[in-house]
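Summary of structural features
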Amino acid sequence: MIEIDDTDRALLKALSDDATASAGALGAKLGLSQPATWRRIKRLKDAGAISGTRVELDAQALGFGVTVFLGVKLGTKGQASLGDFERAVSAIPEVQTVEHVLGAYDYRLRVVARDLSDFERVLRRRIMLLPGVASLDANVLLSEERLSGPL
């Protein structure tokens with residue numbers, strides 16, 4: 001675990017808001033020089049506190065109007081069956097996230113589809129046929145409020 005100070009927290013918050021910002025722009029915002037900001041970013045990356053950058057896509061703008069969270073319970077839970085399920089579900093392009101969870105279900109999936117009939121197609125032809133699936137529970141996303149990270 002890396003020790004971070006208030007400046008690191010502010011830097012991480014600024015990067016989470018805009019990962020494309022230059023070290024110079026971030027430094028100006030935080031009252032640091034460009035080289036000092038760059039060194040802090042490098043230290044945070046080297047320590048694993050920053051594990052990468054990614055583009056956030058707008059599913060709605062790309063034609064995916066429905067998001068469904070699926071709770072998946074497997075019939076068998078051996079190491080081989082978990083691996084088989086994870087490999088198979090990861091190959092479905094409509095599945096955005098696969099989370100192995102503790103509780104009523106073994107996995108939580110975030111699935112996008114163009115509309116409900118498209119989701120039904122994905123569900124019947126792909127997800128229900130995954131290895132080991134015993135039961136499913138679906139929750140349709142009505143709205144989402146994105147909150148900043150833990151800092």
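For the structure given in this document, a descriptive report is provided here. A quick note: this is a predicted structure, and the numbers were derived from the prediction, not measured. (Residues numbered from 1 in each chain as written. Predicted model: local features only at pLDDT ≥ 70, side-chain atom pairs only at ≥ 80, totals over all residues. Heavy atoms only, no water.)

On to the pairing of strand 2 (residues 95–100). As paired elements, strand 2 and strand 3 (residues 107–113) share five bridges and run antiparallel to each other. Bridging across to strand 3, Val95 finds its partner in Val111. Here strand 2 folds back onto strand 3 in antiparallel fashion, the turn holding six residues, of which Gly103 has a positive phi close to 140 degrees. (Pairing = 2+ DSSP bridges. Helix = DSSP H or I, 4+ residues; strand = E, 2+ residues; numbered from the N terminus.)

Within the secondary structure layout, Thr67 lies in strand 1 (residues 66–74). When residues no more than four places from it in sequence are discounted, the contact partners of Thr67 are Arg110, Val111, Val112, Asn139, Val140 and Leu141. (Contact = heavy atoms within 4.5 Å.)

Further remarks concern the sheet that holds strand 4 (residues 133–140). A sheet is described by the order of its strands in space; here four strands give the open sequence 2-3-1-4, paired in antiparallel fashion. Every other strand in the sheet has two partners, leaving strand 2 and strand 4 as the edge strands with one partner each. Ignoring strand direction, the axes of neighbouring strands in this sheet form an average angle of 20 degrees. Sheet topology note: the strand 1/strand 3 ladder contains seven bridges and is antiparallel. (Axes fitted to C-alpha atoms, helices over the stretch in contact; angles between N-to-C directions.)

Turning our attention to the pattern of salt bridges. A side chain with one charge may pair with a side chain of the opposite charge, provided their charged atoms come close. Following the criterion strictly, the structure yields 13 salt bridges and no others. Residue Glu94 pairs with Arg126 through a salt bridge whose shortest N-O separation is 3.0 Å. Of this pair, Glu94 sits in the loop between helix 4 (79–90) and strand 2 while Arg126 is found in helix 5 (residues 116–127), placing the two residues 32 residues apart along the sequence. Two residues, Glu144 and Arg110, come together in a salt bridge whose shortest N-O distance is 3.2 Å. Taken as a pair, Glu144 in the segment after strand 4 and Arg110 in strand 3 lie far apart in primary sequence, 34 residues in all. Given a relative accessible area of 40%, Glu144 falls into the partly exposed group. (Salt bridge = Lys/Arg side-chain N within 4 Å of Asp/Glu carboxyl O. Buried < 20%, exposed > 50% of the residue type's maximum accessible area, 1.4 Å probe, protein only.)

Function cannot be read off these values alone, since they describe shape.
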